[in-house]
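# Structural overview for review
One-letter residues, chain by chain:
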Amino acid sequence: MLVESIAFALVGLAAAAAALLGLPGYFRASRPTVAGTALAAALLGGAVAHFCLGGRHPVVAVAFAALSAGVLTSLLARPDLAAGRAPAHRHRPHRAGAHRAPRRHRPA
């Protein structure tokens, strides 16, 4: 389990490095926060996978550690605050005079 724990930690640090170096503008949280989140997620996800699989499939446990580190690290990403990106709106901007008068029903 010690060797697997070291592998889980290395996977978590690799996930943090890939996130911070690949998309630096998306992570407004501090670097230790991102690295700590990835490290903790990889260790916890790997330990859960190790115990669920009974320790018989260490490669699957390492893969699950990588998956959990990537998913939980991506929760810290804020692409809407990245430099050079305008915020995406779900509605059309209001134009002057674009409001319509309410429709009136015609008598039958």
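Before going into details, it helps to say that this report is about the structure given with it. (Residues numbered from 1 in each chain as written. Predicted model: local features only at pLDDT ≥ 70, side-chain atom pairs only at ≥ 80, totals over all residues. Heavy atoms only, no water.)

Along its length, the protein carries 3 helices and 0 strands. Starting at the N terminus and walking to the C terminus, you meet the elements of the protein as α-α-α. When each of the 108 residues of the protein is scored for burial, the buried share is 20%. (Helix = DSSP H or I, 4+ residues; strand = E, 2+ residues; numbered from the N terminus. Buried < 20%, exposed > 50% of the residue type's maximum accessible area, 1.4 Å probe, protein only.)

We now examine the environment of Ala 19. Structurally, the position occupied by Ala 19 is in helix H1 (residues 2-22). Placed 16 residues apart in sequence, Ala 19 and Ala 35 show a C-alpha to C-alpha distance of 9.2 Å. Not counting residues up to four positions away in its chain, the partners in contact with Ala 19 are Pro 24, Phe 27 and Thr 73. (Contact = heavy atoms within 4.5 Å.)

Turning our eyes to something else, we now look at a nonpolar patch on the surface. Taken together, the side chains of Leu 44, Val 48, Phe 64, Leu 67, Val 71, Leu 72 and Leu 75 make up a nonpolar region of the molecular surface, amounting to roughly 660 Å² of accessible area. If you list the elements that add at least two residues to the nonpolar patch, you get helix H2 (31-52) and helix H3 (58-74). With 4 residues, H3 is the single largest residue contributor to the nonpolar patch. Tracing the sequence through the fold places Leu 67 in helix H3. Judged by relative accessible area, which is 52%, Leu 67 ranks as exposed. (Patch = residues over 30% accessible without salt bridge, like charges linked within 9 Å, V, L, I, M, F, W, Y side chains within 5 Å. Areas by Shrake-Rupley, 256 points an atom, 1.4 Å probe, with all protein chains shown as cover. Salt bridge = Lys/Arg side-chain N within 4 Å of Asp/Glu carboxyl O.)

In this section: the nonpolar core. Ranked by size, the top nonpolar core spans 6 residues in total: Phe 8, Ala 42, Ala 49, Ala 61, Ala 65 and Ala 69. If you list the elements that add at least two residues to this core, you get H2 and H3. Examining the composition of this core, we find that 3 residues originate from one element, H3, more than from any other. The residues touching Ala 42, leaving out its near neighbours within four places in the chain, are Phe 8, Gly 12, Ala 65, Ser 68 and Ala 69. (Core = buried A, V, L, I, M, F, W, Y, C linked by side-chain atoms within 4.5 Å.)

Before going further, it helps to examine the environment of Pro 24. Relative to the elements of secondary structure, Pro 24 occurs in the loop between H1 and H2. Looking at Pro 24, the relative accessible area reads 51%, which means it is exposed. With 53 residues separating them along the chain, Pro 24 and Ala 77 place their C-alpha atoms 9.4 Å apart.

With that out of the way, let us pick up the packing of H1 against H3. One can describe the packing of H1 onto H3 by two numbers: an axis separation of 9 Å at closest approach and a directional angle of 35°. Considering the relative orientation of H1 and H3, their crossing is right-handed. Along its contact with H1, which presents Glu 4, Ala 7, Phe 8, Val 11, Gly 12, Ala 15 and Ala 19, the element H3 presents Pro 58, Ala 61, Val 62, Ala 65, Ala 66, Ala 69 and Thr 73. (Axes fitted to C-alpha atoms, helices over the stretch in contact; angles between N-to-C directions. Left-handed = near helix turned anticlockwise from the far one by under 90°.)

Another aspect to go through is the packing of H2 against H3. Two elements in contact, H2 and H3, have axes separated by 7 Å at closest approach and are oriented at 145°. As for how H2 packs across H3, the hand of that crossing is right-handed. Packed against H2, whose contacting residues are Val 34, Thr 37, Ala 38, Ala 41, Ala 42, Gly 45, Gly 46, Ala 49 and His 50, the element H3 presents Ala 61, Phe 64, Ala 65, Ser 68, Ala 69, Leu 72 and Thr 73 at the interface.

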